[in-house]
Amino acid sequence: VLLVEARRWPQLRAIGLGGARPSHALAGLALGAFLRAHLLVTAARTFGYRLQTSGLSAYLGALAYDVGANALTAEWLFRGAVFSLLWRRVTFWPAAALATGLSLLRYLLDPALPHAVEARVGAVFYLGLVGLIACALRAWSGSLVPGYLAALGFFAAYRTLAP
């Protein structure tokens, strides 16, 4: 729906609401796959974390939340509105750092995030990396789609972990 609206309202393309070239989408998918693999290897080597076996329906429900709300709104707000606005006023790094910092704050204030110290440190690391990658993909491609796909790759792995 957002991509269709972007066609009707050219102003929305200024924040990255528009389609991506296939090569840009593939880059987002590849970076998401790298983040997914890195998270799973790191979690497997961390004491007390394993793959979740609570069932496919619970996993798909959590992933549906990421697809339709979590990753979508993070891209639209933090990379679309905040990063795009700042990037027009300052250089890439300050804009990316502030947009990523605000998205980290959103996640750290989320009561659903595990309270264990290692989980919070991991969240800061991975969500910070996801945010910076999404900003770079937005700057490179002109679209929010590659960053969204990279974020989905990360969350697809995150949803499989259980302490």
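Presented here is a report on the structure given in the accompanying data block. All of these numbers come straight from a predicted model, not from anything done at the bench. (Residues numbered from 1 in each chain as written. Predicted model: local features only at pLDDT ≥ 70, side-chain atom pairs only at ≥ 80, totals over all residues. Heavy atoms only, no water.)

1. Description of the nonpolar core
Ranked by internal contacts, the top residues of the largest apolar core, which has 26 residues, are Leu 39, Leu 127, Phe 154 and Phe 155. Elements with a minimum of two residues in this core: helix H2 (22-44), helix H3 (56-89), helix H4 (92-108), helix H5 (117-141) and helix H6 (145-158). Here this core takes 8 residues from H6, the largest share from any one element. Not counting residues within four places of it along the chain, the set of residues in contact with Leu 39 comprises Tyr 126, Phe 154, Ala 157, Tyr 158 and Leu 161. Val 82, Phe 92, Ala 95 and Ala 96 belong to the second-largest nonpolar core, a separate cluster that totals 7 residues. (Core = buried A, V, L, I, M, F, W, Y, C linked by side-chain atoms within 4.5 Å. Buried < 20%, exposed > 50% of the residue type's maximum accessible area, 1.4 Å probe, protein only. Helix = DSSP H or I, 4+ residues; strand = E, 2+ residues; numbered from the N terminus. Contact = heavy atoms within 4.5 Å.)

2. A closer look at the side chain of Asp 66
Inspection of the secondary structure assignment puts Asp 66 in helix H3. On the basis of relative accessibility, which here comes to 0%, the residue Asp 66 falls in the buried class. If near-sequence neighbours (up to four positions away) are discounted, Asp 66 is found in contact with Ala 71, Leu 72, Leu 152, Phe 155 and Arg 159.

3. Looking at empty space enclosed by the protein
Within this structure, the stated rule accounts for 1 cavity of 30 Å³ or more. Approximately 60 Å³ is the volume found for the largest cavity. Every residue lining the largest cavity is listed: Ala 71, Ala 74, Glu 75, Arg 79, Ser 103, Tyr 107, Leu 127, Val 130, Ala 151 and Phe 155. Per element, the largest residue contribution to the lining of the largest cavity is 4 residues, and it comes from H3. Broken down by class, the residue content of the lining of the largest cavity amounts to 7 nonpolar, 1 polar and 2 charged. (1 Å grid on protein atoms, 1.4 Å probe; cavity = no way out; pocket = protein on both sides within 12 Å on 5 of 7 lines; lining within 4 Å. Points joined across faces, edges and corners; volume = space filled by probe spheres on them. Nonpolar A, V, L, I, M, F, W, Y, C, P; charged D, E, K, R; others polar.)

4. A word on the packing of aromatic side chains
All chains considered together, the criterion is met by 9 aromatic pairs. Geometrically, the ring pair formed by Phe 83 and Trp 87 is stacked, given 5.4 Å between the ring centres and 20° between the ring planes. Taken together, the positions of Phe 83 and Trp 87, both in helix H3 and 4 residues apart, correspond to about one turn of that helix. For Phe 83, a relative accessible area of 0% translates into the label buried. A relative accessible area of 31% places Trp 87 in the partly exposed class. The interplanar angle of 80° and the centroid separation of 5.6 Å between the aromatic rings of Phe 83 and Phe 92 together place this pair among those described as edge-to-face. When the ring centre of Tyr 107 is taken as origin, the NZ or CZ atom of Arg 106, which lies over that ring, is 4.3 Å away. (Phe/Tyr/Trp six-rings, centres within 6.5 Å; stacked < 30°, edge-to-face > 60°. Lys NZ or Arg CZ within 6 Å of the ring centre and 35° of its normal.)

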